[in-house]
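Each chain, letter by letter, is given below.
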Amino acid sequence: MSNLLDGIKPTLLMGPGPSCVYDEVYAALGKPTIGHLDPYFIKIMDAVKEDLMAAIGTGNHLTMPMSGTGSSGMETCFVNLVEPGDKVLILTNGVFGKRMEDVAGRLGAEVDSVHFEWGTPVLLEEVEKKLKGKSYAIVAVVHAETSTGVRNPVAEVGRLVRSSGALYLVDCVTSLGGIPVRMDEWGADALYSGTQKCLSCPPGLAPLSFSDRAVNRVKARKSKVPNWYLDLTMIMHYWEGNTRAYHHTAPINMIYALYAALRHFLEEGQDKAHARHQDAHERLVAGLEKLGISMYVDKASRLPMLNAVTIPQGVDDAGVRSRLLKEYGIEIGNGLGTLAGKIWRIGLMGHTARPENVDRLLAALASCIK
Ligand SMILES: *Cc1c(COP(=O)(O)O)cnc(C)c1O
C-alpha cells in the first residue's frame, strides 16, 4: 500500500503561515506521548506558561495555549468576555478585523466598527473620535494584519482604550515572535496568538492571556460562557493550581512543540529574533526593488514578517505562484478580498526569516517574471 506521507516534499514556506518549522520542534513532536495529568507533563505545562508570559510580556496568571489554531484564541476571547447586548468596537483594516466582527456578532454583541482602508493602519484620531462619549465593553484590534501586511499602533490605541474604561483585546497571531509583543505595557486585557506564524511551530495551538480585569469580567458574567470547549472558567482549573482538573485532553505533543519553539525564541533572544525578521525584510525589499517590484504598504507601517507586494502589470498572479511552488519548492501567499489579484503576500516568519531564504525567493521570482 502506498504511503502518501512519503510523497510530502519539503517546502520553503514564505506565505502568510505556516512558516518553516525548527528541527527542535519536529523532534519535540516525536517525543513519547505521556498522560495529560502525568506530573512530568504538568511540569512542561508550567514551563510553557512561564515562557509564554516572557514572550508576550505579561505577569498575567491566566496565560496558556488554547487547543486549536489562532482563530480558537479569537473565539475564546470573545466567547468568554461577551454577553448578549454588550457593545463591542472592532478597529478593522483587513480580513482578521472582519473575522472579529463576525465572531463577536454571533455571540449577540452589539458590534460597532471603524473601517480603515486595507493597506493602511488604524488611525488614532478616528479611534479617539469613536470612543468619545461612548462606553464599550470591549475594543479589539489586530496588531499585525496578515491580510495586508500592516502594523497597527497597538500601544497608542491601548492608551485611548484604557481611558475609555473598555477592556482591550489584541490579536497577536502574526506579530508574536516577529515584532515586540508587550501585553502589560500596552494595557491589553486579552491577547491571543497562534503557533504557525513567527513561532515556527505547526498550527494547532493558540497562546492566550487574560488580565485580572478580564478574568474578573468573566467571573462576573450573568450567563454561562456559551461554549463548553472554550470556557476559561473550567479550563483554568487544568492550567493552574494544585487540582489540575480534567477538562479536555491536552494536545500533548503540540504542547511539547510549543515548548521547544518558545525555548528557541527565548534562547535566541527576543531582540535578536526581532532584528533577524527586520534584516530579512530589508533584504527582501531591496531585492524586490531591483526586480522592479514595489511594496503595497507605506514604509512607516510595514510589517517585517508579512510583505504585501504589488503584482507587476501583466504578470500572471496564480501562474507565478504555482511555478514557484512546483519548480522551486517555494510557497508565497495570494491577496485576499479586495486585494486578490493585486498583491502577493511574502512571509518572513520565524525560522523562514533568513537571508538565504530571501535570496532563494528573489532568484526564483526573477526567473518566473522574466
Ligand atoms: C492566521 C491569523 C489568524 C487565524 O489563525 P488560524 O491559525 O488560521 O486559525 C488570526 N489573526 C491573524 C492576524 C492571523 O494572521
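Residues numbered from 1 in each chain as written. Predicted model: local features only at pLDDT ≥ 70, side-chain atom pairs only at ≥ 80, totals over all residues. Heavy atoms only, no water.

Caption draft 1: Local environment of helix α2 (residues 39-56). Look at α2: 26 Å from first C-alpha to last across 18 residues, which is about the 26 Å you get at 1.5 Å a residue. When α2 is considered as a whole, its buried residues turn out to be Phe41, Ile42, Ile44, Met45, Val48, Lys49, Asp51, Leu52, Ala55 and Ile56. Here α2 starts with a cap whose side-chain oxygen sits 2.7 Å from the backbone nitrogen of Tyr40, and that cap is Asp38. (Helix = DSSP H or I, 4+ residues; strand = E, 2+ residues; numbered from the N terminus. Expected span 1.5 Å × (residues − 1). Buried < 20%, exposed > 50% of the residue type's maximum accessible area, 1.4 Å probe, protein only. Polar contact = N/O pair within 3.5 Å; in protein donor to acceptor, adjacent residues only side chain to side chain.)

Caption draft 2: Quick look at the pattern of salt bridges. For the structure on display, the rule yields 13 salt bridges. Its salt-bridge partner being Arg106, residue Asp102 comes within 2.8 Å of it at the nearest N-O pair. Placement of the pair is Asp102 and Arg106 together in helix α4 (residues 95-106), with a separation of four residues, close to one helical turn. Judged by relative accessible area, Asp102 falls into the partly exposed class, the value being 39%. Close ionic contact of Asp189 with Arg213 constitutes a salt bridge, the shortest N to O distance being 3.0 Å. (Salt bridge = Lys/Arg side-chain N within 4 Å of Asp/Glu carboxyl O.)

Caption draft 3: Region of interest: the packing of helix α5 (residues 124-131) against helix α6 (residues 154-164). Direction vectors running N to C along α5 and α6 enclose 10 degrees, while the axes themselves pass 10 Å from each other. In this view, α5 runs roughly parallel relative to α6, as classed from their interaxial angle. Mapping the contact onto sequence places Leu124, Val127, Glu128 and Leu131 in α5 and Glu156, Val157, Leu160, Val161 and Ser164 in α6. Considering only residue class, the contact of α5 with α6 consists of six nonpolar, one polar and two charged. (Axes fitted to C-alpha atoms, helices over the stretch in contact; angles between N-to-C directions. Parallel < 35°, antiparallel > 145°, perpendicular 65-115°, else oblique. Contact = heavy atoms within 4.5 Å. Nonpolar A, V, L, I, M, F, W, Y, C, P; charged D, E, K, R; others polar.)

Caption draft 4: Structural view of the domain arrangement of the protein. The assigned domain composition of the protein is domain 1 (4-18 + 270-368) and domain 2 (28-266). A separation of 27 Å is found between the C-alpha centroids of domain 1 and domain 2. Taken together, the contacts link 25 residues of domain 1 with 28 residues of domain 2. For the pairing of domain 1 and domain 2, the buried interface totals around 2,100 Å² over both sides, and the portion due to carbon and sulfur atoms is 64%. In terms of surface lost to domain 2, no three residues of domain 1 exceed Gln270, His274 and Leu303, which account for 28% of the buried area on that side. (Domains from an automatic or database assignment. Buried area = accessible area lost by both parts, 1.4 Å probe.)

Caption draft 5: Looking closely at the site of the ligand. If you check the shell around the ligand, you find 13 residues, and the closest are Thr69, Ser71, Thr146, Asp171 and Lys197. In this structure, Asp171 approaches the ligand through a side-chain N or O atom, which is 2.7 Å from a nitrogen atom. Between Gln196 and the ligand, the recorded distance is 2.7 Å, taken from a side-chain N or O atom to an oxygen atom. Contact with the protein chains covers 89% of the free accessible surface of the ligand, which is 380 Å². For the shell around the ligand, the secondary-structure elements that each account for two or more residues are α3 (70-81) and α4. Residues belonging to the shell around the ligand are distributed by class as follows: four nonpolar, six polar and three charged. (Near = heavy atom within 4 Å. Areas by Shrake-Rupley, 256 points an atom, 1.4 Å probe, with all protein chains shown as cover.)

Caption draft 6: Representation of the packing of α3 against α4 in the model. Look at α3 against α4: their axes get within 10 Å of each other, and the N-to-C directions meet at 45 degrees. Classified by the angle their axes make, α3 and α4 are oblique. Considering how the two elements wind past one another, α3 and α4 form a crossing that is right-handed. Facing Ser71, Met74, Glu75 and Phe78 of α3, the residues of α4 in contact are Phe96, Arg99, Met100, Val103 and Ala104. Residues belonging to the contact of α3 with α4 are distributed by class as follows: six nonpolar, one polar and two charged. (Left-handed = near helix turned anticlockwise from the far one by under 90°.)

Caption draft 7: Local environment of the sheet that holds strand β5 (residues 138-142). Spatially, β2-β10-β9-β8-β5-β3-β4 is the arrangement adopted by the seven strands of the open sheet, whose pairing is mixed. The open sheet has two free edges, formed respectively by β2 (62-67) and β4 (110-115), since each of these has just one partner strand. Here the average twist between neighbouring strands, direction ignored, is 20 degrees. When strand β8 (residues 167-171) meets strand β9 (residues 190-192), the two strands line up parallel, connected through three bridges. When the bridges of β9 are listed, Asp171 appears paired with Tyr192. Each of β2, β3 (87-92), β5, β8, β9 and β10 (205-210) touches α3; the most contacted strand, β10, lies at about 35 degrees to it. Where helix α9 (residues 232-239) meets the sheet, it contacts β2 and β10, and its direction lies at approximately 105 degrees from that of β2. (Pairing = 2+ DSSP bridges.)

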